[in-house]
Amino acid sequence: MLLQEEEWKKLNTQEKIDLLQTVAYIEVNRLELPNVLNVGVFVLQEGTQGRYLDETHMIYIDLEHIERDMASEVISTLLHEVYHSWQWRLVDAYKGKNIQDSKLYNKAATYVKEFTDYENGTEEIITYYIQQCEIDARKYARSAVTDYYLEVKKYIKNQEM
């Protein structure tokens, strides 16, 4: 399985991007996103491992991150950015309905405020790190990485039988 560390290390950059794109397609279905997410590689500012652009539904993963880091770390970055797309869809739903006071949309109201005045951490990293949208995306990524590795383990076990 290509998500296993020993297999990941053997992949070239394009093969890693292709694998990340596959994970992104799976996540679009898993989160029922109405848009396709495209994955690309870019040299991002130092300290930035991934970036999501909602206008184009593009996820950029830092080139050095892909080439240097473990599969689980890169997948976590990808899933973190995928979750931002889901957050934007929640914001779109929130803005399109007259139920802003509903408890269902409390997170959306927070995301609206944060995305309007988004703190990318260039001035102070803590302002980026404590935003609810970033906290939630990190939490989702941690959980989803665990799910992926459990599925890989299950798949390998079934192949051995």
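This structure is a prediction, so every number in the text was calculated from the model and none was measured.

S.K.: Please give an account of the sheet that holds strand S2 (residues 50-53) that cites residues and values.
M.R.: Judged by pairing direction, the sheet is mixed, and its three strands sit side by side in the order S1-S3-S2 without closing on themselves. Across the chains shown, the open sheet's two edge strands, defined by having one partner strand only, are strand S1 (38-42) and S2. Direction aside, neighbouring strands of the sheet carry axes that sit 25° apart on average. Sheet analysis places S1 next to strand S3 (residues 58-62), joined by five bridges and oriented parallel. When the sheet's bridge partners are listed, Val-41 is paired in S3 with Ile-61. Where helix H4 (residues 71-95) meets the sheet, its contacts fall on S1, S2 and S3, and the angle it forms with S2 comes to roughly 25°.

S.K.: Before we move on, could you go through the packing of helix H2 (residues 13-30) against helix H7 (residues 132-160) and cite the residues and values that matter?
M.R.: The geometry of H2 relative to H7 is characterised by a closest axis approach of 13 Å and an angle of 110° between their N-to-C directions. Regarding the angle of H2 to H7, the classification is roughly perpendicular. Two secondary-structure elements touch here, H2 through Val-23, Ile-26, Glu-27 and Arg-30 and H7 through Tyr-140, Ala-144, Asp-147 and Tyr-148. Counted by class, the contact of H2 with H7 contains five nonpolar, no polar and three charged residues.

Rules behind the numbers
Residues numbered from 1 in each chain as written. Predicted model: local features only at pLDDT ≥ 70, side-chain atom pairs only at ≥ 80, totals over all residues. Heavy atoms only, no water. Pairing = 2+ DSSP bridges. Helix = DSSP H or I, 4+ residues; strand = E, 2+ residues; numbered from the N terminus. Axes fitted to C-alpha atoms, helices over the stretch in contact; angles between N-to-C directions. Contact = heavy atoms within 4.5 Å. Parallel < 35°, antiparallel > 145°, perpendicular 65-115°, else oblique. Nonpolar A, V, L, I, M, F, W, Y, C, P; charged D, E, K, R; others polar.

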